[in-house]
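So the chains spell out like this:
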Amino acid sequence: MNIIVCVKRIPKTAEADIFIEKDNKDIKKDNLVFALNDWDGYAVREAVLLKEKFEGEVIVLTVGPDESKEVLTRCLAMGADRAIRIEEPIPNDGRLIAETLAKVIQTGPFDLILTGVQAEDDGWGQVGVALAQILGIPHASIVTHIHIEGGKAKVRRELEGGLEELLEIKLPAVLTIQTGINEPKYVSLAAILEAEDKETKEMTLEEIGFSPREPLDATIDQVSFPPTGKRAEILKGTPDEVVGQLTEIIKRKKGS
Amino acid sequence: MSDIFILVEHRQGKIRDITYEIFGLAESLANQQGTSFTAVLLGHDVKSFADDLSRRAPKVLVIEDENLEHFNSVLYQKTLSSLISKYQPSLLLMGHSAFGMDLAPSLSVEKDFPLVTDCIGLTFEEGKLKATRSIYGGKVNASVSLRESKGYIATLRPGIFPPKMHGEIKGRIVMEASPLEGGVDVKKFIEYIEAPITGEDITQAEILVSIGQGIGGPEHIPMFEELAIRLGGTISCSRPVVDRNWLPKERQVGISGKTVKPKIYLAIGISGAFQHVTAMQGSDTIIAINKDPRAPIFSVADYGIVDDFQNVIPILKEKISDMK
Ligand SMILES: Cc1cc2nc3c(=O)[nH]c(=O)nc-3n(C[C@H](O)[C@H](O)[C@H](O)COP(=O)(O)OP(=O)(O)OC[C@H]3O[C@@H](n4cnc5c(N)ncnc54)[C@H](O)[C@@H]3O)c2cc1C
């Protein structure tokens, strides 16, 4: 079973101070820590688990700048066999990325393609499902369980409110993976060192014979901080004072 | 300009709230463009929905087919594709939900309509669609322009647009023939799987001590459990806490977990992603503890503490036991 996993390197913003670039087109990235997109980590792990069961090869694929190599190395350390990076400085348009991925994927045999449900940074949730359509194969999004049997996959999709649906999908297919589908495995330093010896192929859009259509489907005109609107009343003082106020609020609201 | 289409989302015999939220936006976009909007209802035995919808939309297009009983993106896509060819809507709107996320991207490729997902604002400027999206975990908004096109697809974030109530109007209901010739093998719906009913029911709690990824690891959970007990409340959490097996699924608050409305919701180390917020913003009082002053949770909270939880929770635990 040959599995391709499409991954993205993203900046971690949840705990970081955010600044906006002078041209207002994006946030400043040089002070941020980058990592493998959380959803993609689950997808790589799932591919490796499937490979352990059915044998075959796990290939990780990314469209991104030179620095994305570090997340490919991480995926290789997680158990992927080889990696491919397509050079593309600012991969913002989901349609463009899906088309680029398709161009590479079409050159070899595969049984299954996994992506994350969405990327943590811009949350479009578009690439996996668009990719399936370009390749002309079926898809299921927000997948929380995969059971493969005889050229088909029984998959669970997450709906709302704890409800799920069970589907049967013919392979090859694209599945977009939801967090929590498996238990992430600790990646050792030894595994990372070993991963550096695995094959990573790098190609440009020209080399894969793809020239993006102009204009792109979507372009960012500007980014800005959200309007403040309603804001919480921030409790001020030493931790002791703050907790004193908090206790009063809790007492009051609890009784009401 | 041609109509704006709204895809009606329904499941297990009920129209989902997001549909009504889309109606309000569709109406204002249609007014802005001097055009009208149409609700598109696909399903099996859904005539009763059509009545309800016709009191909110000037036109309801209905396709009945037993193969459309449960949502299946392949069959929905085929059906919509033929409706789009026939009516050429300028914009198709649907929810950014498990339904829209499975359908919009593939339909957009098939029709070559630019797609914008998870919108919190939408407008036409000189015939081109522009959207506002919330990115980087809600810390930044982006204005996005789509290229010129005869049609667009957009998915809307749930819980942002006010729902449209029944109006005075009595819209036209138009039945269309189904373009489907049976089902498909490539993708088959088998069944729904309900969440198991187990253990603690967090929806009944008056006080929730809710923890997020920001607590760093499971080693702190006993401290929060102790706090919850002292407050006479219950512990709940955001999704990553469940994904990492720190707490069981039944504790998860959010779009894919439970919707809660306690008297007090204490959010600790939770950033405030919309998938979380839509399911707790109905709480009477929301208190957030987060070390990041820019965390989006502070725009839904009533009270906030900007600090590391480790500086606050141990003291709070002590003070609360004094309180009793
Ligand atoms: C289809 C789908 C369904 C989803 N369903 C749900 C759902 O039902 N429920 C849900 O919650 N999410 C859901 N999500 C995930 C959601 O998008 C977010 O990823 C998630 O809510 C983030 O959880 P968090 O706030 O705990 O973590 P993060 O976003 O990582 O935030 C952690 C926060 O903790 C703060 N912090 C860090 N350290 C400290 C400290 N020492 N003291 C104080 N604060 C600290 C940080 O500043 C940050 O704000 C869903 C996503 C998708 C795509």
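Values in this document were obtained by computation on a predicted structure and should not be read as measured data. (Residues numbered from 1 in each chain as written. Chains lettered and ligands numbered in written order. Predicted model: local features only at pLDDT ≥ 70, side-chain atom pairs only at ≥ 80, totals over all residues. Heavy atoms only, no water.)

Novice: Tell me about the sheet that holds strand E12 (residues 218-224) of chain A, and please be specific about residues and values.
Specialist: Pairing in this open sheet of 10 strands is mixed, and the strands run E12(A)-E9(B)-E8(B)-E7(B)-E10(B)-E6(B)-E1(B)-E4(B)-E5(B)-E11(B) from one edge to the other. Every interior strand has two partners, whereas the edge strands, E12 of chain A together with strand E11 (172-176) of chain B, have only one. Neighbour-to-neighbour, the strand axes of the sheet open up by a mean angle of 30 degrees, direction not taken into account. Examined bridge by bridge, strand E1 (residues 4-7) of chain B and strand E4 (residues 37-43) of chain B share four bridges and lie parallel to one another. (Pairing = 2+ DSSP bridges. Helix = DSSP H or I, 4+ residues; strand = E, 2+ residues; numbered from the N terminus. Axes fitted to C-alpha atoms, helices over the stretch in contact; angles between N-to-C directions.)

Novice: Any details on the interface of chain B and chain A? Residues and values, ideally.
Specialist: Buried accessible area, meaning the area lost when the parts come together, often serves as the stated size of an interface. With 87 residues of chain B at the contact, the number on the chain A side is 86 residues. Both faces considered, chain B and chain A share a buried interface measuring about 7500 Å² in area, 55% of it formed by carbon and sulfur atoms. Linking chain B with chain A are 13 salt bridges. A salt bridge links Glu168 of chain A to Lys188 of chain B, with the shortest nitrogen-to-oxygen separation between them at 4.0 Å. Top element by residues in the side of chain B that touches chain A is helix H4 (residues 98-111) of chain B. It accounts for nine residues. Within the side of chain B that touches chain A, the residues separate by chemical class into 39 nonpolar, 21 polar and 27 charged. (Contact = heavy atoms within 4.5 Å. Buried area = accessible area lost by both parts, 1.4 Å probe. Salt bridge = Lys/Arg side-chain N within 4 Å of Asp/Glu carboxyl O. Nonpolar A, V, L, I, M, F, W, Y, C, P; charged D, E, K, R; others polar.)

Novice: A description of empty space enclosed by the protein should follow, citing residues and the corresponding values.
Specialist: Residue and element names in this part refer to chain A. Within the structure shown, the criterion is met by four cavities of 30 Å³ or more. Looking at the largest cavity, its volume works out to about 340 Å³. Residue lining of the largest cavity: 25 residues in total, with Lys8, Ile97, Gln118, Ala119 and Val127 positioned closest to the centre. Its residues assigned to classes, the lining of the largest cavity comprises 11 nonpolar, 10 polar and four charged. Estimates place the volume of the second largest cavity at around 70 Å³. Taken together, Asp93, Arg95, Leu96, Glu99, Pro212, Arg213, Pro215, Leu216 and Asp217 make up the lining of the second largest cavity. Per-class residue counts for the lining of the second largest cavity are four nonpolar, no polar and five charged. (1 Å grid on protein atoms, 1.4 Å probe; cavity = no way out; pocket = protein on both sides within 12 Å on 5 of 7 lines; lining within 4 Å. Points joined across faces, edges and corners; volume = space filled by probe spheres on them.)

Novice: So what's going on with the packing of helix H3 (residues 73-87) of chain B against H4 of chain B? Residues and values would help.
Specialist: All names here are of chain B. Two elements in contact, H3 and H4, have axes separated by 10 Å at closest approach and are oriented at 45 degrees. Judged by the angle between their axes, H3 and H4 are oblique. Judged by the sense of rotation from one axis to the other, the crossing of H3 with H4 is right-handed. For the pair formed by H3 and H4, the contact residues are Ser73, Tyr76, Gln77, Leu80, Ser81, Ile84 and Ser85 on the first element and Phe99, Asp102, Leu103, Ser106, Leu107, Glu110 and Lys111 on the second. (Parallel < 35°, antiparallel > 145°, perpendicular 65-115°, else oblique. Left-handed = near helix turned anticlockwise from the far one by under 90°.)

Novice: Help me get a handle on the packing of helix H4 (residues 127-135) of chain A against H4 of chain B, residues and values and all.
Specialist: Geometrically, a packed helix pair is captured by the angle between its two axes and the distance between the axes. Close contact between H4 of chain A and H4 of chain B brings their axes to 8 Å; oriented N to C, the two are set at 40 degrees. Looking at the two axes, H4 of chain A sits oblique to H4 of chain B. As for the relative orientation of H4 of chain A and H4 of chain B, their crossing is right-handed in sense. Together, Val129, Ala130, Gln133 and Ile134 of chain A of H4 of chain A and Met101, Asp102, Pro105, Ser106, Val109 and Glu110 of chain B of H4 of chain B make up the contact between the two elements. Of the residues in the contact of H4 of chain A with H4 of chain B, the class split is six nonpolar, two polar and two charged.

Such coordinate-based values are descriptive only and should not be taken to indicate function.
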